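As a plain string of letters, each chain reads:
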Amino acid sequence: MTLPLVALAIPSIAIGWLTVGPVVFGDFFAGSIAHAPDGPLAELGAGFHGPAAFVQHAFSSPAVYLALGGVLAAWYLYLYRPDLPDRIAARFARTYRLLVNKYYFDWFNENVVAAGVRSFGTSLWRRGDETVIDGWLVNGSARAVAALSAAVRHVQTGYLYHYAFAMIIGLSLLLAWLLLRF
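Residues numbered from 1 in each chain as written. Predicted model: local features only at pLDDT ≥ 70, side-chain atom pairs only at ≥ 80, totals over all residues. Heavy atoms only, no water.

### Side note on the overall build of the protein
Within the protein one finds 8 helices and 0 strands. When its helices and strands are written in sequence order, the protein yields α-α-α-α-α-α-α-α. For the protein, whose C-alpha radius of gyration is 39 Å, the value lies well above the compact-globule estimate of 16 Å for 182 residues. A principal-axis box enclosing the C-alpha atoms of the protein has dimensions of 105 × 60 × 40 Å. In the protein, which comprises 182 residues, the proportion classed as buried is 5%. Long-range pairs, those at least 24 residues apart, make up 18% of the contacts in the protein with a sequence separation of at least 6. Working note: accessible area of the protein is about 15,600 Å², and carbon and sulfur atoms make up 71% of it. (Helix = DSSP H or I, 4+ residues; strand = E, 2+ residues; numbered from the N terminus. Rg over C-alpha atoms; globule rule 2.2 N^0.38 Å. Buried < 20%, exposed > 50% of the residue type's maximum accessible area, 1.4 Å probe, protein only. Contact = heavy atoms within 4.5 Å. Areas by Shrake-Rupley, 256 points an atom, 1.4 Å probe, with all protein chains shown as cover.)

The structure is reproduced here in structure tokens:
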């Protein structure tokens, strides 16, 4: 994986060196991308004096030196003196454990935040899905249809006089409702 990354990095540096001025601060995208004349890009462009000055300016900030110090410390501890990391970890065990466990943020997230969200989701599933949706709506409507069909089953006997009697009762109820309504 290193070789393809190096093969991609070298032309990226060369192309970036040649095009950073016209693409970012020039009029390369003049017709398609617009930025505010007093925005942060304009402020950055006021201090841009070419890619060499841009790189030189990077060495005036402490971030580059901190990164270089980290690389040198890693080289010294893991390549030049590989016996030191274990001794340092043993001497500063509590600090080492705190750093290895990433200040216990992962533990807190897994055991407090995620556990709470899982518990809340489980209660929604039990009360909402199983009780309300499955219990009352789905199975409840099925039980209501079963009860209604059990009652209506006795009404449908197949005899003509039963159907005529049911129509007379229905018409009587409709007329009563219409008369009581007005």
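### A word on the pattern of salt bridges
Considering all chains together, one arrives at 4 salt bridges under this definition. Among the salt bridges present, the one from aspartate 83 reaches arginine 81, with a minimum N-O distance of 3.3 Å. Between glutamate 110 and arginine 118 there is a salt bridge whose closest N-O contact spans 3.4 Å. For glutamate 110, a relative accessible area of 42% corresponds to the partly exposed category. Classification of arginine 118 by relative accessible area gives partly exposed; the value is 46%. Among the ionic contacts, a cluster of salt bridges with common partners joins Arg81, Asp83 and Arg87. (Salt bridge = Lys/Arg side-chain N within 4 Å of Asp/Glu carboxyl O.)

### Structural notes on helix 1 (residues 2-25)
Under the 1.5 Å per step criterion, the end-to-end length of helix 1 is 32 Å for 24 residues, consistent within 8% with the ideal 34 Å. At threonine 19, helix 1 shows its largest kink, close to 60 degrees, and the proline proline 22 lies no more than four residues downstream. (Expected span 1.5 Å × (residues − 1). Bend = angle between axes of the 7 residues up to and from the residue.)

### Observations concerning a nonpolar patch on the surface
Among the surface-exposed residues, Leu98, Leu99, Tyr103, Tyr104, Phe105, Trp107, Phe108, Val112, Val113 and Val117 lie close enough to one another that they form a single nonpolar patch of about 1,000 Å² accessible area. Per-element accounting of the nonpolar patch gives the leading share, 6 residues, to helix 7 (residues 105-153). (Patch = residues over 30% accessible without salt bridge, like charges linked within 9 Å, V, L, I, M, F, W, Y side chains within 5 Å.)

### Some details on the packing of aromatic side chains
This model, assessed by the stated rule, comprises 7 aromatic pairs. What links up through ring pairs into an aromatic cluster is the set Phe25, Phe48 and Phe54. (Phe/Tyr/Trp six-rings, centres within 6.5 Å; stacked < 30°, edge-to-face > 60°.)

### Overview of the environment of tyrosine 104
If you trace the backbone, tyrosine 104 turns up in the loop between helix 6 (93-100) and helix 7. Judged by relative accessible area, tyrosine 104 falls into the partly exposed class, the value being 33%. In contact with tyrosine 104, other than residues within four places in its own chain, are Arg97 and Leu98.

### Observations concerning the packing of helix 4 (residues 62-80) against helix 5 (residues 84-91)
Helix 5 packs onto helix 4 with a crossing angle of 105 degrees between their chain directions and a minimal axis gap of 8 Å. When the axes of helix 4 and helix 5 are compared, the pair comes out roughly perpendicular. Residues Tyr76, Leu77 and Tyr78 of helix 4 pack against Leu84, Pro85 and Ile88 of helix 5. Here the residues of the contact of helix 4 with helix 5 sort into 6 nonpolar, no polar and no charged. (Axes fitted to C-alpha atoms, helices over the stretch in contact; angles between N-to-C directions. Parallel < 35°, antiparallel > 145°, perpendicular 65-115°, else oblique. Nonpolar A, V, L, I, M, F, W, Y, C, P; charged D, E, K, R; others polar.)

### Looking at the environment of alanine 30
Following the sequence through the fold, alanine 30 ends up in the loop between helix 1 and helix 2 (40-46). The exposure class of alanine 30 is exposed, given its relative accessible area of 54%. A sequence separation of 78 residues divides alanine 30 from phenylalanine 108, and the C-alpha atoms of the two residues are 49 Å apart.

### Some words on unusual backbone geometry
Peptide bonds are, in most cases, trans, and in most cases residues other than glycine have a negative phi. Despite not being glycine, lysine 102 has its phi angle at roughly 55 degrees, a positive value. Its location among the elements puts lysine 102 in the loop between helix 6 and helix 7. Even without being a glycine, tyrosine 104 presents a positive backbone phi close to 65 degrees.

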